[in-house]
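An overview of the molecular structure
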Amino acid sequence: MAVKQMQYIIIGASAAGMAAAEAIRRLDSEGSVTVLSDEQDMPYFRPMLPFIVSGKKKFPEMMLIGQGPYRGANIDVRINSRVEAVNTADQKVSIKSGEELPYDKLLIATGSVPNIPSDIAGVEAEGVFVLRTIADACAMAHRAETARHAVMLGGGLLNLKAAFALLERGMDVTLIVKSPEVLSKLMEPDDTVLIRNALNKAGLKLVTGSSVTRILSDSSGVIGVLLDSGREIPCQMVCIGKGIRANVEFLDKSGILVNQGVVVDKFTRSNIQNVFAAGDVAVTLDPIAGERIVTGLWTNAAEMGSCAGRNMAGQPGIYSGTFGILNAAQVADEPFVSMGIVHTKGTAYEIHITATPETYRKLVFTPDGTRLVGALFIGDISKAGLYRYIIREMMPIKDIKSEIVNHRLHYGHFLR
Ligand SMILES: Cc1cc2nc3c(=O)[nH]c(=O)nc-3n(C[C@H](O)[C@H](O)[C@H](O)COP(=O)(O)OP(=O)(O)OC[C@H]3O[C@@H](n4cnc5c(N)ncnc54)[C@H](O)[C@@H]3O)c2cc1C
């Protein structure tokens, strides 16, 4: 009797979706693997979008083709194929052309969309952008050809990257943040001195403790923003970077459990049989903080997608959870890594800070000092990988605590 070939459907052709497709193909050479994307372009490396805005790279340089084997692996990537609904009872997805595709195993890998706060008036004006897709990046680059001044709303890493891309084009850029400092999710205000200096040196104008209430426009599009203080800042473009939210609207009637994102178990399975989720759209557990989080990082999304793919193809594996780490992020030529628990104000965590004019290092231990739970490195990120290992593996540190604190760790300490 012929064995039925599996039909795998993956929604979303990015870090998680493509990693899953490749993992499935490695384990199942017969089944059909179809990846559906609502974008107009073939898969690409999303973290490189700021280079399109700055004009430093062209789209072909950021495509995933060549990096992954999917082209030669009989993986069918269908662009311009937005999934409008998932029917979990009949195991079918409906795409916008009206076509229905049956599945045996389904992966939701639809990532996230930028959050647009409802309390800002005028966001529909021409010249208001978010940066999430290649289409967004190209539109920003186009507007930047004639605009002189850009205002960025939000001080998170992605918006800072976008701000620097525009500075690199020679534009005047003002960044407005409600918090007292930038990067408030990755460090505390007292930790940001070096970053703040680097931003000033790079020419970024920073307005903290303020928010925009209205985007002003006329027939040419954006002409300025109005702050809650009453101050007006003239500009010809605005970029909104106020966080992201999981892309789940199309799952409304599917019965798939959503709570900030698709809720999955340690095998990346949703509450519905044969439906999995991975990447920015999935809510997982941060094993260090013990909190449910959405990853927001390419490497985590790819790792989780790969795990989901193996589970879908019948090789069960546990996704160990998302650990909040940024791999060597860089702001204005200032490298930094923020991992685990770094917000300690008002807590009993044991903290060690070492600061020089060029570097800053903050280590966070449990209140009893027996375990490293977080680290922040700015300026010098060498050895960050060793610290990451200690945090992630929850290593006992009694014998090497002084090496950890004094930055004398080396690989030999891990061989014992
Ligand atoms: C400007 C920018 C810079 C970044 N820099 C970094 C960085 O330096 N380091 C880092 O680790 N991470 C970075 N990230 C984050 C990283 O890109 C994401 O964490 C990663 O892309 C998440 O991958 P994903 O596969 O879960 O989802 P996504 O990459 O968001 O992909 C989801 C895909 O699904 C598609 N989709 C959504 N709904 C549907 C539907 N109904 N039907 C069909 N298709 C659908 C979307 O259009 C999208 O193509 C950056 C992101 C941005 C935007």
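Residues numbered from 1 in each chain as written. Predicted model: local features only at pLDDT ≥ 70, side-chain atom pairs only at ≥ 80, totals over all residues.

Around the ligand there are 36 residues in total, and Gly-12, Ser-14, Pro-47, Gly-111 and Gly-279 lie nearest to it. At the level of elements, α1 (15–27), α2 (49–54), α4 (157–168) and α6 (298–312) are the ones that each hand at least two residues to the shell around the ligand. Two domains each put at least three residues into the shell around the ligand: domain 1 (7–113 + 245–312) and domain 2 (128–242). (Near = placed C-beta within 6 Å. Helix = DSSP H or I, 4+ residues; strand = E, 2+ residues; numbered from the N terminus. Domains from an automatic or database assignment.)

Moving on to the sheet that holds strand β18 (residues 262–263). An order of β18-β20-β21 is seen for the 3 strands of this open sheet, with the pairing classed as mixed. Each end of this open sheet is capped by a strand with a single partner; those strands are β18 and β21 (291–294). The pairing of β18 with strand β20 (residues 282–286) spans 2 bridges and is parallel. The residue bridging Val-263 from the neighbouring strand is Val-283, located in β20. (Pairing = 2+ DSSP bridges.)

Attention now goes to the nonpolar core. General note: in soluble globular proteins, nonpolar side chains tend to be found buried as a group. Within the largest apolar cluster, 66 residues are counted, with the highest numbers of intra-cluster contacts made by Val-53, Leu-131, Met-152, Val-238 and Cys-239. Top element by residues in this core is α4. It accounts for 8 residues. Not counting the four nearest positions on each side in its chain, Val-238 is found in contact with Gly-127, Val-128, Val-151, Leu-153, Ile-215, Val-222 and Val-225. Ranked by size, the runner-up nonpolar core spans 46 residues in total, among them Ala-20, Ala-282, Ala-302 and Met-304. (Core = buried A, V, L, I, M, F, W, Y, C linked by C-beta atoms within 7 Å. Buried ≥ 20, exposed ≤ 12 C-beta atoms within 10 Å, placed from the backbone. Contact = placed C-beta atoms within 7 Å.)

Let us look at the pairing of strand β23 (residues 334–340). In terms of burial, β23 is largely enclosed, as 5 of its 7 residues are buried. Note: strand β22 (residues 329–331) against β23, 3 bridges, orientation antiparallel. By the bridge assignment, Ala-329 is partnered in β23 with Phe-336. The pairing of β23 with strand β26 (residues 372–378) spans 5 bridges and is antiparallel. Looking at β26, one finds that Val-337 is bridged to Phe-377.

A word on unusual backbone geometry. Positive phi values are uncommon outside glycine, yet Leu-183 reaches one of about 55 degrees. Among the secondary structure elements, Leu-183 is positioned in the loop between β11 (172–176) and α5 (193–202). Judged by local crowding, Leu-183 falls into the buried class, with 24 C-beta atoms found within 10 Å. Despite not being glycine, Met-394 shows a phi value in the positive range, around 50 degrees. Along the chain, the position of Met-394 falls in the loop between α7 (384–392) and α8 (401–405).

The subject of this paragraph is the sheet that holds strand β15 (residues 232–234). Where strands meet in a sheet, backbone hydrogen bonds hold them as pairs that are either parallel or antiparallel. Pairing is antiparallel in the open sheet, where 3 strands are placed in the order β13-β14-β15. Two strands bound the open sheet, and with one partner strand each, they are β13 (212–218) and β15. Looking at each pair of strands side by side, their axes are set apart by 25 degrees on average, direction ignored. Direction of pairing for β13 relative to strand β14 (residues 221–227): antiparallel, over a ladder of 6 bridges. In the sheet register, Asp-218 faces β14, and the bridge partner there is Gly-221. (Axes fitted to C-alpha atoms, helices over the stretch in contact; angles between N-to-C directions.)

Its domain assignment divides the chain into domain 1 (7–113 + 245–312), domain 2 (128–242) and domain 3 (341–414). Distance from the C-alpha centre of domain 1 to the C-alpha centre of domain 2: 30 Å. Taken together, the contacts link 12 residues of domain 1 with 17 residues of domain 2. The element contributing the most residues to the side of domain 1 that touches domain 2 is α2, with 5 residues. Looking at the side of domain 1 that touches domain 2 residue by residue, the classes come out as 7 nonpolar, 3 polar and 2 charged. (Nonpolar A, V, L, I, M, F, W, Y, C, P; charged D, E, K, R; others polar.)

With respect to the element layout, Gln-236 can be found in the loop between β15 and β16 (237–240). Its 22 C-beta neighbours within 10 Å are what place Gln-236 among the buried residues. Along the backbone, Gln-236 and Ala-147 are 89 residues apart, and their C-alpha atoms lie at a distance of 5.3 Å. When neighbours within four sequence positions are excluded, Gln-236 is seen to be in contact with Gly-127, Ala-147, Arg-148, His-149 and Val-222.

Moving on, we get to α6. Look at α6: 21 Å from first C-alpha to last across 15 residues, which is about the 21 Å you get at 1.5 Å a residue. Along α6, 13 of the 15 residues are buried, which leaves the element largely enclosed by surrounding structure. Directly after α6, the chain includes Gly-314, whose backbone phi takes a positive value near 95 degrees. (Expected span 1.5 Å × (residues − 1).)

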